[in-house]
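For reference, the chains in residue letters:
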Amino acid sequence: MVKKDKVRFGIIGSAGLIGNYHADILSKGEGPYELSALCDIDEQRVRNQADKFGVPWTTRVGELVSRDDVDAVIVATAHPLHPEGVIAAVEAGKDVMTEKPLASTPADARKMVKAINRKRRIGGIHYQNRAQPAVIKAKEMIDSGELGKILCIRATGSFYKSDYYYSLGGWRGTWENEGGGLLINQAPHQLDLVCYFAGGFHPAELIGRWTNLYHQSSQTDDFASAVGVFPNGVEFVIQMSVATHGDRARIEIFGTSGVITLFDQGSTFARYVRFEKDVIDFAHTYDGPDPWAGPEVKEMPIPELPEGDPSLIHRRFAEAVLTRDKSKLLVSAADGLWSMEMICGIYLSGYLGKKVKLPVSAVRYEKMLADLIEHARPVRRELRKPEEGMIAR
């Protein structure tokens, strides 16, 4: 039974980079939560971690999810293993928050959300950039109509990775073990925000392209782009890369009354401009004489923002668990399907070389993945374990 004032968390995959990140937040107890137990397949690392935090540990998922002192579970394993952890948790009657992305295939992602709903559990996903004050403010401005009608969202990002990165853990950058590369690992945060700002759903259709520009230790994509449209008519353009370097990940939201630019995956509110007149009204009513004229652009002050709270996702998830109110979630597991469907759509479109409608066929996607695995070029690399104290990102 859940305590009246705190949710007791267990973590699956606790000794990895992301697992340690969650353990650090929960152990501070700065919200209605506490760290209760740890689970990882690396016995020595999880033993050391448990000693640090003073909590019990196990190497078996079934043992962690069956504990009476665990109310909710965070799944922080590699994403191909997310379905196993999430389904084990909800089958044991636990609420669950998983790392991003939901899974490596649309079939597994949909199965996870169905399992959460069938067992009537609280399900969340750790898209922590939704908690950035700049993102919260931008969403408020969109929803209030301050930007007018949203016409288009443009997102770019370089998340440079060396060949050394792909040696960590051995599963990265392979079709068989990771199910993709850049799109399914580094791009999801940006893609989630595109879906979130567009209105809260996945695109209706898109055309995508992906390739590997130069990473010899990866079989998968290190550069990808796509254009498409959401069900409400909002257009989008995205370009993501782990091969290019030196720019700042940005999202630009173009409305009929103004434009917002966010940098660094939503952590920085970089620019806000407003138009003297709605761009559609201007287009229909301007009568010359300048053929290149447009409504006057006014640079607006950057909104004052509060300090960010890195534990906000955990806090809101815990509040949802304690009250059994899903509306308290900052990001639900079902929200995770938006970017997941988008990712899978880009992969399938690039593979087929044509436009695809979403959601994609799970059967067609599995056939594509099987073909990519079968014909993947072999990669040779020295496999390494992540070092203690490595930054989780």
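See the structure printed just above.
The following refers to the structure shown. Bear in mind the structure is a predicted one, so any value in this text is a computation, not a measurement. (Residues numbered from 1 in each chain as written. Predicted model: local features only at pLDDT ≥ 70, side-chain atom pairs only at ≥ 80, totals over all residues. Heavy atoms only, no water.)

## Comments concerning empty space enclosed by the protein
Summed over all chains, the structure comprises one cavity of 30 Å³ or more. Taken together, Met97, Gly124, Ile313, Arg316, Phe317, Leu329, Leu330 and Val331 form the lining of the largest cavity. The residue inventory of the lining of the largest cavity, partitioned by class, reads six nonpolar, one polar and one charged. (1 Å grid on protein atoms, 1.4 Å probe; cavity = no way out; pocket = protein on both sides within 12 Å on 5 of 7 lines; lining within 4 Å. Points joined across faces, edges and corners; volume = space filled by probe spheres on them. Nonpolar A, V, L, I, M, F, W, Y, C, P; charged D, E, K, R; others polar.)

## Examining the side chain of Glu178
Turning to its location among the elements, Glu178 is positioned in the loop between helix H7 (163-167) and helix H8 (182-185). One buried charged residue, Glu178, remains without a salt bridge, the closest side chain of opposite sign being Arg172 at 5.9 Å. Sequence-distant contacts of Glu178, defined by excluding residues within four places in its chain, comprise His79, Pro80, Ser104, Trp171, Arg172, Gly173, Ile184 and Asn185. (Helix = DSSP H or I, 4+ residues; strand = E, 2+ residues; numbered from the N terminus. Buried < 20%, exposed > 50% of the residue type's maximum accessible area, 1.4 Å probe, protein only. Lys, Arg positive; Asp, Glu negative; His and termini not counted. Salt bridge = Lys/Arg side-chain N within 4 Å of Asp/Glu carboxyl O. Contact = heavy atoms within 4.5 Å.)

## Some points on the packing of aromatic side chains
As enumerated under the stated definition, the model contains nine aromatic pairs in all. Centre to centre, the rings of Tyr196 and Phe197 are 5.9 Å apart; their planes meet at 35°, and the pair counts as tilted. Look at Tyr196 and you get buried, because its relative accessible area is 17%. Measuring from ring centre to ring centre gives 6.2 Å for Phe201 and Phe230, while their planes differ by 40°; the resulting arrangement is tilted. Linking Phe201 in the loop between helix H9 (188-198) and strand E8 (205-211) with Phe230 in the loop between strand E9 (223-229) and strand E10 (235-241), this pair joins segments that are 29 residues apart in sequence. (Phe/Tyr/Trp six-rings, centres within 6.5 Å; stacked < 30°, edge-to-face > 60°.)

## Re the environment of Arg60
With respect to the helices and strands, the residue Arg60 is situated in the loop between strand E3 (57-58) and helix H3 (61-65). Residue classification places Arg60 among the exposed positions, given a relative accessible area of 53%. Taking C-alpha positions, Arg60 is 29 Å from Glu366, a pair spaced 306 residues apart along the chain.

## A few points about unusual backbone geometry
Of note, the bond from Lys100 into Pro101 is cis; its omega dihedral lies within 30 degrees of zero at -20°. Along the polypeptide, Pro101 turns up in the loop between strand E5 (95-98) and helix H5 (106-118). The omega angle of the peptide bond from Gly288 to Pro289 is 10°, so this bond is cis rather than trans. Among the secondary structure elements, Pro289 is positioned in the loop between helix H10 (279-285) and strand E14 (297-299). Even without being glycine, Asp264 reaches a positive phi, approximately 55°. Residue position: Asp264 is located in the loop between strand E12 (258-263) and strand E13 (268-275). Located in the positive-phi region is Gln265, a residue other than glycine, with phi close to 55°.

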